[in-house]
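# A structural walkthrough
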Amino acid sequence: MARRERGDVHLVAVSKTHPAQTIEPLLEAGQRVFGENRVQEAQDKWPDLRERCPEVELHLIGQLQSNKAEDAAALFDVIHSLDRPSLLKALAKAYDKLGKRVPCFIQVDIGEEEQKGGCSIADLPDLIEQAREAEIPLLGLMCIPPLDKEPAPFFALLAELARRHEPEPGAWGLSMGMSADYETAIMLSATHIRVGSALFGERG
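Note that the structure is predicted; figures quoted are calculated from it, not measured. Within each chain, residue numbers correspond to sequence positions counted from 1 in written order. Owing to the predicted nature of the model, reporting of local features is limited to residues with pLDDT of at least 70; listing and counting of side-chain atom pairs is limited to 80 or more, with chain, interface and lining totals taken over all residues. Note that the side-chain values use all heavy atoms of the structure and ignore hydrogens as well as water.

## Points about the pattern of salt bridges
Rule in force here: A carboxyl oxygen of Asp or Glu within 4 Å of a side-chain nitrogen of Lys or Arg is what we treat as a salt bridge. The buried label applies to any residue whose accessible area, calculated with a 1.4 Å probe on protein chains only, is under 20% of its type's maximum; exposed applies above 50%, and partly exposed to all values in between.
Per the stated rule, a full pass over the model turns up eleven salt bridges. Here K45 and E36 are joined by a salt bridge, their closest N and O atoms 3.0 Å apart. Given the relative accessible area of 12%, K45 is considered buried. Given the relative accessible area of 0%, E36 is considered buried.

Structural data, given as structure tokens:
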């Protein structure tokens, strides 16, 4: 048993590639936090859904191109994939222009996989400092562990990195865990789990 309070863990329903008619049953059931991978896809389907359900909280969980920073800041409530100085600068500029500051998780390349996004562990302290200087609110750290390895050590490492760098004990969250490993992530202190196929079924 994880012995976590219900309110300690937020379920981000990953609705990427799923049309509005597939999302609507979850809205009717009371789900209010959703995750999308691509800015354009979210722009196409969420304005109408949010007009009907304005309390929805929309999270960007996929990699973000710097040239999409302003669009992302305008649409999303949380960004999980801040991972490099160039994106940080683009977001800071967008936030200043829009007059809003969207909170972010810093994505960490926890498995040292070049093909994945994420800040290296070695570069993490500098990126955190740059975010603070740019007044970008940080919610914590995010990771996607390697697919072919046991995820627990990577989740434990992310939790340790958060403890090492958070401004005060318990201040930061951990965005980690997906359909195949969210139970392990919750055991290891996840605060946001990103679940898609377990809710929507496998995509075709």
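## Comments concerning a negative patch on the surface
Where we set the bar: Think of a patch as exposed residues, more than 30% relative accessible area, with no salt bridge, where like charges cluster within 9 Å and nonpolar side chains (Val, Leu, Ile, Met, Phe, Trp, Tyr) cluster within 5 Å. Computed with a 1.4 Å probe, the accessible areas rest on the Shrake-Rupley method; for each residue, only the protein chains presented here act as cover. All tallies of charge rest on Lys and Arg as positive and Asp and Glu as negative; His and the ends of each chain are not included. The location of each charge is read from NZ of Lys, CZ of Arg, CG of Asp or CD of Glu. The helix and strand labels rest on DSSP assignments: H or I over at least four residues marks a helix, E over at least two residues marks a strand, and numbering proceeds from the N terminus.
Taken together, the side chains of D123, D126, E129 and E133 define an acidic patch exposed on the protein surface. Note on placement: E133 falls in helix α5 (residues 124–133).

## As for the environment of M178
Let me state the cut-off plainly: Contacts between residues were defined by any pair of non-hydrogen atoms, one from each residue, lying within 4.5 Å.
Relative to the assigned elements, M178 resides in the loop between β7 (173–175) and α7 (182–187). Each C-alpha atom, one on M178 and one on A190, is 11 Å from the other, the two residues being twelve residues apart in sequence. Not counting the four nearest positions on each side in its chain, M178 is found in contact with I144, R194 and V195.

## Let's talk about α5
Note the threshold: By arc we mean the arc of the directions from the helix axis to the C-beta atoms, nothing more.
Within α5, burial applies to L124, L127, I128 and A131. For α5, the buried positions fall inside an angular range of 100 degrees around the axis, keeping them on one side. Facing away from the buried surface of α5 by more than 90 degrees, the exposed residues are D126 and E133. Structurally, α5 contributes buried residues whose contacts are with β4 (78–82), α4 (85–98), β5 (104–107), β6 (138–142) and α6 (152–165). Once α5 ends, the next one or two residues include E135, with phi positive near 60 degrees.

## A look at the packing of aromatic side chains
What counts is decided by this rule: What counts as a ring pair is set by centres within 6.5 Å for rings of Phe, Tyr and Trp (its six-membered ring), and what kind of pair is set by the plane angle: stacked under 30 degrees, edge-to-face over 60, tilted for all other angles.
Taken as a whole, this structure holds one aromatic pair when the rule is applied. Both rings, one in F34 and one in W46, keep their centres 5.1 Å apart while their planes meet at 50 degrees; by these two values the pair is tilted. Here the residue F34 occupies a position in strand β2 (residues 33–36), and W46 occupies one in helix α2 (residues 39–52), the gap between them amounting to twelve residues.

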